[in-house]
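Coordinate inspection notes
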Amino acid sequence: MNRLIKAEWYRIRHSTGLMTWIIVICIILFIMPAMTDIHFYEKTVSQNLIILSDVTTTFGMIFTVVLISICIGISYQNKIAYYEVMHGHDICDILFSKLIVYVSMMMAGVAVPYGIFLMVIAWKNGMGELDKIPLRIILFLIIYIHVCVTAVLLTTSLRHIAAAGVVFLRFELEGLSALIPVIISEFTEIKSKTADRILEWFVTSQYAKILGGKIDNHIIVSVIFSFLLEFVLWFTLSYIGMKKKKYR
């Protein structure tokens, strides 16, 4: 697997303009909260988490998944990725090598700078009114890893540059999930509270709840198990497609 990881990093570093775009996108994602509220440096950690929620549920998530999908999709577009299977590498090693590279890349480029920023804000302005802030940050990282993992495995499932569009739609359409409680409550006998619990299984709603709402056992379970379920789904589809050598 080490050779696959090194090869993936080499391809990213030497692909025309790819590393430049990665750096630019990471910088944009980092400064987005400042663009949302220019006085962010005067606010507490709690207030900055709410600002971060507004950003991550829209542009941040979309930028991340499309960037990852394009990076992987290019290797399928150029037929380079096919040789990984043809050379006899274990399929699980191939998939996990991509997961390690792209998840760690986005964590280092986005999550780590945010973490340093929040530590500085905590020292300067305090934690603010929100409770369980360390737990909120841990859950936020799990959600962000969920987003990155889904982008990687959905792309390896489709094995085409067009996967970037599919990944975009998968998360963009999740924005419509906010209508679910309204629809369920309007046309069924299910209470609004139950409908809200269903909504917590969607990534977009998880971001908003974790960074600004009430933390309870249900949201924790939803964050963890929604991640595991989607991981198993796309990993299985990727594995089957590579095993049967279903390439375009």
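Our structure is the block above this text.
In what follows, the accompanying structure is described. All values derive from a computational prediction rather than experimental measurement. (Residues numbered from 1 in each chain as written. Predicted model: local features only at pLDDT ≥ 70, side-chain atom pairs only at ≥ 80, totals over all residues. Heavy atoms only, no water.)

Throughout the structure, instances matching the rule amount to five salt bridges. A salt bridge links Glu 8 to Lys 98; the shortest N-O distance between them is 3.1 Å. Of this pair, Glu 8 sits in helix 1 (residues 2-14) while Lys 98 sits in helix 5 (residues 91-125), and the two are 90 residues apart along the sequence. For Glu 8, a relative accessible area of 3% translates into the label buried. (Salt bridge = Lys/Arg side-chain N within 4 Å of Asp/Glu carboxyl O. Helix = DSSP H or I, 4+ residues; strand = E, 2+ residues; numbered from the N terminus. Buried < 20%, exposed > 50% of the residue type's maximum accessible area, 1.4 Å probe, protein only.)

What follows is about helix 11 (residues 217-243). Compared with an ideal rise of 1.5 Å per residue, which puts 27 residues at 39 Å, helix 11 spans 38 Å between its outermost C-alpha atoms and is within 8% of the ideal. Buried residues of helix 11: Ile 219, Ser 222, Val 223, Ser 226, Phe 227, Glu 230, Trp 234, Phe 235, Ser 238, Gly 241 and Met 242, and no others. (Expected span 1.5 Å × (residues − 1).)

In this section: the side chain of Ser 69. Within the element layout of this structure, Ser 69 appears in helix 3 (residues 45-77). Looking at Ser 69, the relative accessible area reads 0%, which means it is buried. Sequence-distant contacts of Ser 69, defined by excluding residues within four places in its chain, comprise Thr 155, Ala 163, Ala 164 and Val 167. (Contact = heavy atoms within 4.5 Å.)

Here we come to the side chain of Glu 8. Engagement of the side chain of Glu 8 in a polar contact is seen with the side chain of Arg 11, the distance being 2.7 Å. Reaching out from Glu 8, the side chain makes a polar contact with the side chain of Lys 98 at a distance of 3.1 Å. When near neighbours in sequence (up to four residues on either side) are disregarded, Glu 8 contacts Glu 84, Lys 98, Val 101 and Tyr 102. (Polar contact = N/O pair within 3.5 Å; in protein donor to acceptor, adjacent residues only side chain to side chain.)

One non-glycine residue, Lys 132, lies in the positive phi region at around 50°. As for its placement among the helices and strands, Lys 132 is situated in the loop between helix 5 and helix 6 (133-158). Backbone geometry places Arg 159, a non-glycine residue, at a positive phi of 55°. Relative to the helices and strands, Arg 159 resides in the loop between helix 6 and helix 7 (163-172).

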